[in-house]
There are 2 protein chains.
Amino acid sequence: MDYKIKSRIWIESENNVLLGEGRVQLLKAINETGSLSKAAKSINISYKKAWGLLDSINKSAKKPVTINSVGGKGGGGAELTDYGKALILAFDDINKNCWEFLDTQLEKIESL
Amino acid sequence: MDYKIKSRIWIESENNVLLGEGRVQLLKAINETGSLSKAAKSINISYKKAWGLLDSINKSAKKPVTINSVGGKGGGGAELTDYGKALILAFDDINKNCWEFLDTQLEKIESL
DNA sequence: TTTCGTTATGTTTGTATATATATAACGATT
DNA sequence: AATCGTTATATATATACAAACATAACGAAA
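The sections below set out a description of the structure shown in this document. Quantities reported herein were computed from a predicted structural model and do not represent experimental measurements. (Residues numbered from 1 in each chain as written. Chains lettered and ligands numbered in written order. Predicted model: local features only at pLDDT ≥ 70, side-chain atom pairs only at ≥ 80, totals over all residues. Heavy atoms only, no water.)

Across the sheet, which stays open at both edges, the four strands sit in the order E2(A)-E1(A)-E1(B)-E2(B) with antiparallel pairing between neighbours. Edge positions in the sheet fall to strand E2 (16-19) of chain A together with strand E2 (16-19) of chain B, since each has one partner strand and no second. On average, each strand axis in the sheet is inclined to that of its neighbour by 50°, with strand direction left out of account. Bridge count for strand E1 (residues 3-13) of chain A against strand E1 (residues 3-13) of chain B is 11 bridges, and the pairing is antiparallel. Bridging from a neighbouring strand, Ser13(A) pairs with Tyr3(B) of E1(B). Across the sheet, helix H4 (residues 82-105) of chain A lies against E1 and E2 of chain A together with E1 of chain B, angled at about 150° from E1(A), the strand it touches most. Lying on the sheet, helix H4 (residues 82-105) of chain B is in contact with E1 of chain A together with E1 and E2 of chain B; it crosses E1(B) at an angle near 150°. (Pairing = 2+ DSSP bridges. Helix = DSSP H or I, 4+ residues; strand = E, 2+ residues; numbered from the N terminus. Axes fitted to C-alpha atoms, helices over the stretch in contact; angles between N-to-C directions. Contact = heavy atoms within 4.5 Å.)

Written out as structure tokens, the structure reads:
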């Protein structure tokens, strides 16, 4: 019965999106599966979309977020760099803080 | 060259969207023009879309946000209630505070 | 040198959303 | 009762986006 406040945050670099909730979710899945194709399956998006997102991420970031290898043992794979891992931790932290902050602001609507 | 952090916030009521940036923009235009059709034109959206948004707003809100009249002098019109005016002020206030808060958080990304 | 599963990419198909168009209903004013 | 610009609504068209499909390139290992 009460109002709820919701939000989406994202990080941009030179007008390109670096990180958003979907991109962070993809990076987490890559970290867990070790490959882009498995990560895409695990979060139910097409490989093509996942590839486009990851490509955009690495083009926008100041430092590489993943290392992708093609061919070789197991066909290749993708793994997060230390920078990539730190980014998703920082993003989650900011996002959580944002939710908490907004919850304190909601009273301004409820009390009208 | 630096990263930027952006956000969108919105208010929901029983899983229906009450207010978001687009809806607030529409309400402001209604307040300035006195009619839904003129408001739609002024923000470059179709009347149908504007009508759907306004209908959704009034169905989600606890109290009426606009009073719409049909027929009569000038054909009718739409105007904000006091509740509607208060809502857009509160929304803008929360949104601005959210931006400022997020700017303080961005350093967590920049410093990586 | 053949195999394998992956990254990388293009092309086609499908779907959801927005736009355009059309029309009815309304009621104060003339 | 005729007019007017608006709200209210349905339907058809167009557009943007996502998904599906297909295929080439890769390189370690057998």
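Now, onward.
Our next topic: the protein's contact with DNA strand C. Around DNA strand C there are 21 residues in total, and Leu36(A), Tyr47(A), Trp51(A), Gly71(B) and Gly72(B) lie nearest to it. By atom count, sugar and phosphate contribute 61% of the portion of DNA strand C lying within 4 Å of the protein. Between DNA strand C and Gly71(B) there is a distance of 3.1 Å, counted from a base oxygen to a backbone nitrogen or oxygen. The backbone of Gly72(B) places a nitrogen or oxygen atom 2.8 Å from a base nitrogen of DNA strand C. When residues of the surface near DNA strand C are traced back to their parent elements, those giving at least two are helix H2 (36-42), helix H3 (47-60), strand E3 (66-70) and strand E4 (76-80) of chain A together with helix H3 (47-60) of chain B. Broken down by class, the residue content of the surface near DNA strand C amounts to five nonpolar, 11 polar and five charged. (Near = heavy atom within 4 Å. Polar contact = N/O pair within 3.5 Å; in protein donor to acceptor, adjacent residues only side chain to side chain. Nonpolar A, V, L, I, M, F, W, Y, C, P; charged D, E, K, R; others polar.)

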